[in-house]
Amino acid sequence: MTDSYAVIGNPVEHSLSPQIHSAFAAQTGEDIAYEKLAAPRDAFAPVARRFFAAGGRGLNVTVPFKLDAYEFADRLTERARAAGAVNTLALQQDGAILGDNTDGAGLVADIRENLGWPIAGQRVLMIGAGGAARGALLPLLEQRPARLHIANRTTARAEELVREFRRYGALTGGGFDGLCEPFDLIINASAASLGGELPPLGDALVAVGTHAYDMVYGPEPTPFMVWAARRGAVSADGLGMLVGQAAESFMLWRGVKPDTGPVLQQLRARFEY
């Protein structure tokens, strides 16, 4: 019997999730159907409830519903609880709905496995203190970087994240003023690239060997990637993170971890710079 899954969001037409999960299913021999599910912005819970009542087995959750999904879930994984948001819902054997957040795991997998960049023992700078940063912090700190610093335009938001997550590892935070030393890995978790903008970054942040990662992806390098590359850093976008977080969801649903490499290569052909 074919099991039903979907990505729910508003808007959702642009989502690559059906293509990704269909490729995972073909690769692993799993019998699934995967669709796009649009929900009114004020009606996430009713739409999700109907999906599961009709036999649905799992949902990927995209904007603007990750907080709604957090409230909807009957149980939460530790990384979802830490992130305060859910991007994956999974029906359990007892009928409960489990909420997980696979974004950070997808980020770490892309950085370590696809790009081959180290995280353990590295000096890491996280730009931004919103939902994307929050979802990535626990998986990043579990890799034991030498230091992870959060820089945000609103200093108080960065400091708030430090208070919440400092028990997981070496974590500091603040504004952009005073950042005058190089980092080994810089991750742009801000929304600046979505608007074609660049955070207020100084040249001193980049040294020989610095890696720069933007969670955003698209048909051309982001302003952050261009800024980093011009200063000698090796840069990458977040397409591999998208595939990686999907693989974590697939594993949660089906109990098998797909190979992300061929799927990422297939998608990358659409975004060659």
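Analysis parameters
Residues numbered from 1 in each chain as written. Predicted model: local features only at pLDDT ≥ 70, side-chain atom pairs only at ≥ 80, totals over all residues. Heavy atoms only, no water. Helix = DSSP H or I, 4+ residues; strand = E, 2+ residues; numbered from the N terminus. Rg over C-alpha atoms; globule rule 2.2 N^0.38 Å. Buried < 20%, exposed > 50% of the residue type's maximum accessible area, 1.4 Å probe, protein only. Contact = heavy atoms within 4.5 Å. Pairing = 2+ DSSP bridges. Axes fitted to C-alpha atoms, helices over the stretch in contact; angles between N-to-C directions. Arc of directions from axis to C-beta.

Draft legend 1. Main features of the overall build of the chain. Looking only at helices and strands, one finds ten helices and twelve strands in the chain. On C-alpha atoms alone, the chain measures out to a radius of gyration of 18 Å, which is about the 19 Å that the 2.2 N^0.38 rule sets for 273 residues. Dimensions along the principal axes, computed over C-alpha positions, put the chain at roughly 55 × 40 × 30 Å. Looking at the chain as a whole, 54% of its 273 residues are labelled buried. Once local pairs closer than 6 in sequence are excluded, the contacts in the chain between residues at least 24 apart make up 66%.

Draft legend 2. Fine view of the sheet that holds strand 1 (residues 3-9). The strand order 2-1-3-5-6-4 describes an open sheet built from six strands, whose pairing is mixed. Two strands bound the open sheet, and with one partner strand each, they are strand 2 (32-38) and strand 4 (75-76). Here strand 1 pairs with strand 2 via seven bridges, running parallel. Bridge pairing in strand 2 links Asp3 to Ile32. Against the sheet, helix 1 (residues 17-28) touches strand 1, strand 2 and strand 3 (56-61), its axis set at about 170° to strand 2. The strands touched by helix 2 (residues 44-53) within the sheet are strand 1, strand 2, strand 3, strand 5 (88-91) and strand 6 (97-100), with strand 3 carrying the most contacts at an inclination of about 145°.

Draft legend 3. Structural context of helix 7 (residues 155-165). Those residues of helix 7 lying buried are Ala158, Leu161, Val162 and Phe165. One side of helix 7 carries all its buried residues, which in axial view fall inside an arc of 105°. Where helix 7 is buried, its residues meet helix 4 (78-83), helix 6 (131-141), strand 8 (147-151) and strand 9 (171-174).

By themselves, these figures tell us nothing about what the structure is for.
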